[in-house]
Amino acid sequence: MIGLRFTCIQCAGWAVVVMSLIRPPVSAATDFAFTFFRGNGEAGVYLALSDDGTNWREVNGGRPILVPRIGGKLTRDPSVSRGPDGQYHMVWTSSWKDDGFGLAHSKDLLNWSEQEYIPVNRDEPGARNTWAPEIFYDDASRQYLVLWSTTIDGRFAETQESGDMNHRIYCATTQDFKTWAPKRLFYDGGFNVIDAFLFSKDGRYGVVVKDETLRPRPQKNLRVVWSTAGVNGPWGEAEPAFTDTAVSWAEGPAVIRVGDRWLVYYDMYNKGGYGAVATQDFKSFTPVQVTLPRGIRHGTVFAVSAETAQRLRAAE
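Residues numbered from 1 in each chain as written. Predicted model: local features only at pLDDT ≥ 70, side-chain atom pairs only at ≥ 80, totals over all residues. Heavy atoms only, no water.

(A) Representation of the overall build of the protein within the structure. Along the protein, the regular secondary structure elements total one helix and 23 strands. In terms of overall dimensions, the protein is globule-like: its C-alpha atoms have a radius of gyration of 18 Å, near the 20 Å expected for 316 residues. Projected onto its principal axes, the C-alpha coordinates of the protein cover approximately 50 × 45 × 35 Å. Scored against the burial criterion, the 316 residues of the protein give a buried share of 59%. Averaged over its 34 positive side-chain charges, the protein has a centre that lies 2 Å from the centre of its 36 negative ones. (Helix = DSSP H or I, 4+ residues; strand = E, 2+ residues; numbered from the N terminus. Rg over C-alpha atoms; globule rule 2.2 N^0.38 Å. Buried < 20%, exposed > 50% of the residue type's maximum accessible area, 1.4 Å probe, protein only. Lys, Arg positive; Asp, Glu negative; His and termini not counted. Charge placed at Lys NZ, Arg CZ, Asp CG, Glu CD.)

(B) Representation of the pattern of salt bridges within the structure. What the rule picks out here adds up to 16 salt bridges. Measuring nitrogen to oxygen at the nearest pair gives 3.2 Å for the salt bridge that ties R122 to D99. Of this pair, R122 sits in the loop between β9 (116-118) and β10 (131-138) while D99 sits in the loop between β7 (88-93) and β8 (101-106), placing them 23 residues apart in sequence. According to the relative accessible area criterion, R122 is exposed, its value standing at 55%. Residue D99 is classed as partly exposed on the basis of its relative accessible area of 25%. Between D202 and K201 there is a salt bridge whose closest N-O contact spans 2.9 Å. (Salt bridge = Lys/Arg side-chain N within 4 Å of Asp/Glu carboxyl O.)

(C) Just unusual backbone geometry, in detail. Residue P216 follows R215 across a cis peptide bond; omega there is 5°. Along the chain, P216 turns up in the loop between β15 (204-211) and β16 (221-230). That bond from G233 to P234 is cis: its omega, 5°, falls within 30 degrees of zero. With respect to the helices, strands and loops of the structure, P234 is situated in strand β17 (residues 233-235). You will see that D202, though not glycine, has its phi angle at about 55°, which is positive. Inspection of the secondary structure assignment puts D202 in the loop between β14 (193-201) and β15. Take D202: its relative accessible area is 64%, and that puts it in the exposed class. Look at K220: it is not a glycine, yet its phi comes out positive at around 50°.

(D) Structural context of the side chain of S95. Within the element layout of this structure, S95 appears in the loop between β7 and β8. For S95, a relative accessible area of 15% corresponds to the buried category. Side-chain polar atoms of S95 contact the backbone nitrogen of K97, separated by 3.2 Å. Setting aside its immediate chain neighbours within four residues, S95 contacts G72, L74 and W131. (Polar contact = N/O pair within 3.5 Å; in protein donor to acceptor, adjacent residues only side chain to side chain. Contact = heavy atoms within 4.5 Å.)

(E) Seen up close, the sheet that holds strand β4 (residues 46-50). The strand order β5-β4-β3-β23 describes an open sheet built from four strands, whose pairing is antiparallel. Each having just a single partner strand, β5 (57-58) and β23 (297-304) make up the two edges of the open sheet. Sitting on the sheet, helix α1 (residues 306-314) is in contact with β3 (31-37), β4 and β23, with an inclination near 125° to β4. (Pairing = 2+ DSSP bridges. Axes fitted to C-alpha atoms, helices over the stretch in contact; angles between N-to-C directions.)

(F) α1, seen in detail. Along α1, the residues classified as buried are T308, A309 and L312. In a view along the axis of α1, the buried residues occupy a sector of 100°, so they form one face of it. α1 presents Q310, R311 and A314 as exposed residues on the side facing more than 90 degrees away from its buried surface. (Arc of directions from axis to C-beta.)

(G) How the structure looks around the pairing of β7. The buried fraction of β7 is high, at six of six residues. With burial as the criterion, each face of β7 is covered, one bearing Y88, M90 and W92 and the other bearing H89, V91 and T93. Note: strand β6 (residues 76-82) against β7, five bridges, orientation antiparallel. Directly across from S79, in β7, lies its bridge partner V91.

(H) Expanded view of the environment of D31. The residue D31 is located in strand β3 in this model. With 195 residues separating them along the chain, D31 and W226 place their C-alpha atoms 27 Å apart. Here D31 is in contact with S50, D51, F302, A303, V304, S305, A306, A309 and R313, once residues within four sequence places are set aside. For D31, the side chain forms a polar contact with the side chain of R313, separated by 3.2 Å.

Below you can see the structure in the form of C-alpha cells.
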C-alpha cells in the first residue's frame, strides 16, 4: 500500500486534485467527460471535459445537465455508459433511503430523456438503501449491468457489527432498459463493501470496491478484485488496499485507460477533495495530479469522441 498525500488546493475557482476513469483502451485523440454532483446532489448532475484525462473544465456554463425529478429527488453518484446504440445511459442514487435508482438516456449528454425510477429493491422489505449504482455495458454478453450497494437487515451476520450499515454489492441486468432480470448478489468478499466499479482490462474483468468497515478499525479504502471467469465472476480475494486511510478515507472509484496507463479517480470525502492514482498492472499505483472544478463529488469518467467534445465545449 502506498501513502497518498493529496490536498484540495483552491485556486481561481478551481481545485487541484486527483481522479479516475472507465472503459477499454482508447486512442490518444479521445476526449473524456466526467459527470459529478455537488453538495448532497439536490441541484443535479454536472459535466466536465478533458482532452488528456487529467485537466478538466466544466461545460454547460456550470449549470446542471440534469436536475432530479424522481424518487427522493437527489442525483448523487451519477454513472454513465455509452452503449452500442450510440446513446449515453446514466444511473444515479435518488435518495439515501430509496428502494431503487434513477435512469435517463441522452444522445448528446446535454438533453436527457424523461427520468425513470427503477425499484430494484421493492421486493426486499429489509432493504435499507440503494446506493451508488454503476452502469457497465458488457460487449461479450451484450447487456448492461447495473451494480449497487444495499444493506438488508438480517443478512451477513458475520459483519453485522462492522459499521452503521452492513452492505454487499447487488446487480441487475438489461438489454433494453425495459425488461430487467431479477436482482442478485454480485459480490460478497466477506466484508462490508460499497461503491463497486466494474471494468475490463485485457479481456479480464475487475472491480474496484470500497471496504466500508468502520469497526473495530476503520478501513475506508479501495481494493481491486478480479474475476476468475466472466463478467459475473466468480470473484477472487480482494487485493490489498491501494489508498491509505491515514491520509484520507476514499470512496466513489472510477477507472479508465488513458494511453498506456490506467487512472483510478476517487472521492477523498473526509478531506473535501479528490484523488487519483495511475497504474499499468493494478499492483503498483502512483499519485497523479489533476485539475478539476471546485466542489466535485463522486462521479464517473468516460471516453467521448472529439466531435462530441467539440459540441459540448460550444455549449458553454
